[in-house]
Amino acid sequence: MTEALWAQVISGFFGLATIVISAYVPRRINRRRDEEAGDRDGLDDDRTRL
Amino acid sequence: MAEFRRARRTPRTLSDLPKNLRPLYQVTSIVWTFYAVGLALTTLGAPLLRFAVPGRIVLTVLALIVAIGMVLRAVVPGRPEWTRWTLPLVAGVSVTTFSLLLFAANFAGGLTTSRVGFAALILTPAAFACVHYLGEKVVAPR
């Protein structure tokens, strides 16, 4: 592969990692917080996101 | 099933929101639209990114998807939670563009002050994503 293609592949990997982390981590935190509060299905959470 | 019930419980329309939050949702939508359109124009037209022919087209399309989503969120009721997918997407586009700009600077002869500043400005949406992450974890505990 050429240098330009490698640059795009590596950059795309960084972008995909960012998407996965920013989409998954807050949900996991929310779920853990719900479980610690005894709220198993998350229905007690009335917070909204901006 | 739990996800469905959670979605049904959370506010789905602008009229479901507290009155003081409605304009905030619309203003944040407009701000994200500006960011997304700016990112799309940058990825499409920045001279440094000319080398990345398929990459910059993909990034432009993704940024425009975010822009359309945020315009819809601002004007159509029922989409206050669309930042749950637009925020990760715009953060990913921003990080990818940042990385591509660093490679481009390398290909074009090295980093200069303006290239560092330009790349740092492109990272702004990803910085917002970090702010949301910290907000989830620290600022808005239940």
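Predicted model only: the values in this text are computed from it and were never measured.

Novice: Which parts of the structure should I look at to understand the nonpolar core?
Specialist: All names here are of chain B. Membership of the largest hydrophobic core comes to 26 residues, with the highest contact counts inside it found for Leu39, Val66, Val90 and Leu101. Secondary structure elements with two or more residues in this core: α2 (22-45), α3 (53-75), α4 (83-107), α5 (113-122) and α6 (124-139). The greatest single-element share of this core, amounting to nine residues, is contributed by α4. Leu101 has contacts with Leu48, Leu49, Phe118, Ala119 and Ile122, leaving out every residue within four places of it along the chain.

Novice: Would you mind going over the confidence of the model for chain B with me for this structure?
Specialist: All names here are of chain B. For chain B, mean pLDDT is 81; residues scoring 70 or higher make up 77% of the total. Within chain B, the element-level pLDDT minimum falls on helix α1 (residues 2-9), averaging 50, and the maximum on α3, averaging 92. Across the assembled chains, the prediction reports ipTM 0.75 with pTM 0.77.

Novice: Would you explain the packing of aromatic side chains in this entry?
Specialist: Each aromatic ring pair is specified by the distance between its two centres and by the angle formed by the two planes. Residues and elements named next belong to chain B. For the coordinates displayed, the defined rule picks out five aromatic pairs over all chains. Consider the rings of Phe51 and Phe107, whose centres lie 5.1 Å apart with planes at 85°: the pair is edge-to-face. Here Phe51, found in the loop between α2 and α3, pairs with Phe107, found in helix α4; they are 56 residues apart in sequence, far enough to count as distant. Overall, the relative accessible area of 22% leaves Phe51 in the partly exposed class. Note on Phe107: relative accessible area 33%, which makes it partly exposed. Taken together, Phe51, Phe103 and Phe107 form an aromatic cluster joined through their ring pairs.

Novice: Please explain the packing of α2 of chain B against α4 of chain B as it appears in this structure.
Specialist: Helix-helix packing: each pair is described by the crossing angle between the helix axes and the interaxial distance. Residue and element names in this part refer to chain B. Running from N to C, α2 and α4 point in directions that differ by 35°, and their axes come no closer than 11 Å. In this structure, the crossing between α2 and α4 has a hand that is left-handed. Between α2, through Trp32, Leu39 and Thr43, and α4, the contact on the second element is made entirely by Leu87, Val90, Val93, Ser94 and Thr97. The residue inventory of the contact of α2 with α4, partitioned by class, reads five nonpolar, three polar and no charged.

The rules behind these values
Residues numbered from 1 in each chain as written. Chains lettered and ligands numbered in written order. Predicted model: local features only at pLDDT ≥ 70, side-chain atom pairs only at ≥ 80, totals over all residues. Heavy atoms only, no water. Core = buried A, V, L, I, M, F, W, Y, C linked by side-chain atoms within 4.5 Å. Buried < 20%, exposed > 50% of the residue type's maximum accessible area, 1.4 Å probe, protein only. Helix = DSSP H or I, 4+ residues; strand = E, 2+ residues; numbered from the N terminus. Contact = heavy atoms within 4.5 Å. pLDDT = per-residue confidence, 0-100. Phe/Tyr/Trp six-rings, centres within 6.5 Å; stacked < 30°, edge-to-face > 60°. Axes fitted to C-alpha atoms, helices over the stretch in contact; angles between N-to-C directions. Left-handed = near helix turned anticlockwise from the far one by under 90°. Nonpolar A, V, L, I, M, F, W, Y, C, P; charged D, E, K, R; others polar.

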